[in-house]
Amino acid sequence: MQVQSNPLNTKITQVIEKSTKRLVVSALTLAGGLTFDTKLVVLSDGTQIVAKLPKQKDVHLSVEGATAEFLINNSELPVPKVFLADDEILIHEYVIADGVLTVSSEPEAATILTKLHEKTSQTYGFDFDTLYQGILQPNKREKKWTKFFAEQRLLFMANVALKANMLPKEEMKRIEKLAGMITKYINEPTKPSLIHGDISASTVLCQFGKVKAFVDPACCYADNEFEFAMSPEKAGLTKRFYSSYNEMHQLSGNFYEVCQPIYSLYPLLADLSKGNTDNLSNIKTILDRFVG
């Protein structure tokens with residue numbers, strides 16, 4: 001090993017070298033959060049990779065890696081190449097980007113997602129549970145989207161927020177009522193679509209206005225419109241993005257007025273479960289409208 005500057009311990013350095021078949025030359029710590037230690041590592045051939053190390057238990061790095069590998073093998077969605085993924089470390093390709101999704105790159109991103117959504121399955125769900133905002137979300141296969149969404153998305157995430165003591169019991173009751181009448185508002189799609197599952201401006205990396213990679217996938221087969229569960233304001237998507245997507249895959253007539261607000265409960269509840277109490281008023285507003 002010819003290490004110039006390396007904040008990694010010997011064991012991690014050896015794991016990286018074995019999985020990439022190259023020597024570690026240097027490494028530095030990237031800005032991270034409460035969940036991961038993230039290192040940018042330069043290898044002996046000049047390749048740059050990212051090594052993510054868990055700061056706490058139950059981070060499920062192996063799931064993140066398996067999801068990326070599924071997309072690499074089963075779609076044309078550009079995602080960083082994975083070298084190693086287990087719950088001790090995730091090693092993947094470093095994507096050189098100068099920013100995230102902007103108005104100029106939105107049509108390209110919409111085109112890529114349209115192609116992804118053409119991938120289909122016999123049922124809704126996935127072959128394994130996947131990560132959404134760090135939360136392991138269930139993906140038990142179902143024939144009906146409305147049943148899958150009500151039970152494994154809406155009620156599931158509401159219970160996560162309830163157990164975190166962030167969702168009041170009276171709001172939980174209203175969510176249960178909405179779940180029981182979901183077919184009043186949500187129609188069954190014509191087919192399940194493979195979705196990225198966590199689309200926002202920050203999960204699409206770009207360089208010189210071109211899309212380079214999609215990161216943090218939370219895949220499942222779902223209603224393609226569930227891809228855009230996050231409200232445009234929170235996702236950072238403009239009208240140009242939706243217009244571009246709609247030209248290729250027409251959104252339902254009640255998407256903006258009904259489907260997206262109801263679907264947005266999922267990311268709002270996930271964020272609420274982590275302590276963002278600002279979302280509670282938004283959740284109440286949506287429930288006022290559809291439940292009363």
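Quick note: structure is the one above.
Everything quoted here is computed from the prediction, not taken from an experiment. (Residues numbered from 1 in each chain as written. Predicted model: local features only at pLDDT ≥ 70, side-chain atom pairs only at ≥ 80, totals over all residues. Heavy atoms only, no water.)

Caption draft 1: Seen up close, the overall build of the protein. For the protein, the count of helices and strands is ten helices and twelve strands. Against the globule reference of 19 Å for 292 residues, the protein gives a C-alpha radius of gyration of 20 Å, in line with a compact fold. Projecting the C-alpha coordinates of the protein onto the three principal axes gives extents of approximately 65 × 40 × 35 Å. Taking the contacts inside the protein whose residues are at least 6 apart along the sequence as the reference set, 62% of them involve residues at least 24 apart. Here the protein contributes 32 positively and 34 negatively charged side chains, and the mean placements of these two sets differ by 3 Å. (Helix = DSSP H or I, 4+ residues; strand = E, 2+ residues; numbered from the N terminus. Rg over C-alpha atoms; globule rule 2.2 N^0.38 Å. Contact = heavy atoms within 4.5 Å. Lys, Arg positive; Asp, Glu negative; His and termini not counted. Charge placed at Lys NZ, Arg CZ, Asp CG, Glu CD.)

Caption draft 2: Region of interest: the side chain of serine 75. Inspection of the secondary structure puts serine 75 in the loop between helix H2 (61-74) and strand E4 (82-85). Exposure remark for serine 75: the relative accessible area of 11% places this residue in the buried category. Within the structure, serine 75 has its side chain in polar contact with the backbone oxygen of leucine 71 (distance 2.8 Å). (Buried < 20%, exposed > 50% of the residue type's maximum accessible area, 1.4 Å probe, protein only. Polar contact = N/O pair within 3.5 Å; in protein donor to acceptor, adjacent residues only side chain to side chain.)

Caption draft 3: Just unusual backbone geometry, in detail. Within the chain, asparagine 165 stands out as a residue other than glycine whose phi angle is a positive 60 degrees. On the secondary structure map, asparagine 165 appears in the loop between helix H4 (145-163) and helix H5 (169-180). By relative accessible area, which is 71% here, asparagine 165 ends up exposed. Positioned with a positive phi, aspartate 216 is a non-glycine residue whose angle comes to about 55 degrees.

Caption draft 4: Representation of the sheet that holds strand E11 (residues 210-214) in the model. Across the sheet, which stays open at both edges, the three strands sit in the order E6-E10-E11 with antiparallel pairing between neighbours. Here the strands that pair on one side only, and so sit at the sheet edges, are strand E6 (99-100) and E11. Pairing geometry for E6 and strand E10 (residues 204-207), over two bridges, is antiparallel. Considered in E10, the bridge of valine 100 is made with leucine 205. (Pairing = 2+ DSSP bridges.)

Caption draft 5: Summary view of helix H7 (residues 239-248). Those residues of H7 that sit buried are Phe241, Tyr242, Ser244 and Tyr245. Buried residues in H7, looked at end-on, bunch into an arc of 160 degrees, giving them a common side. Within H7, the exposed residues directed more than 90 degrees away from the buried face are Lys239 and Glu247. On its buried side, H7 packs onto helix H3 (106-117), helix H6 (232-235) and helix H8 (255-263). (Arc of directions from axis to C-beta.)

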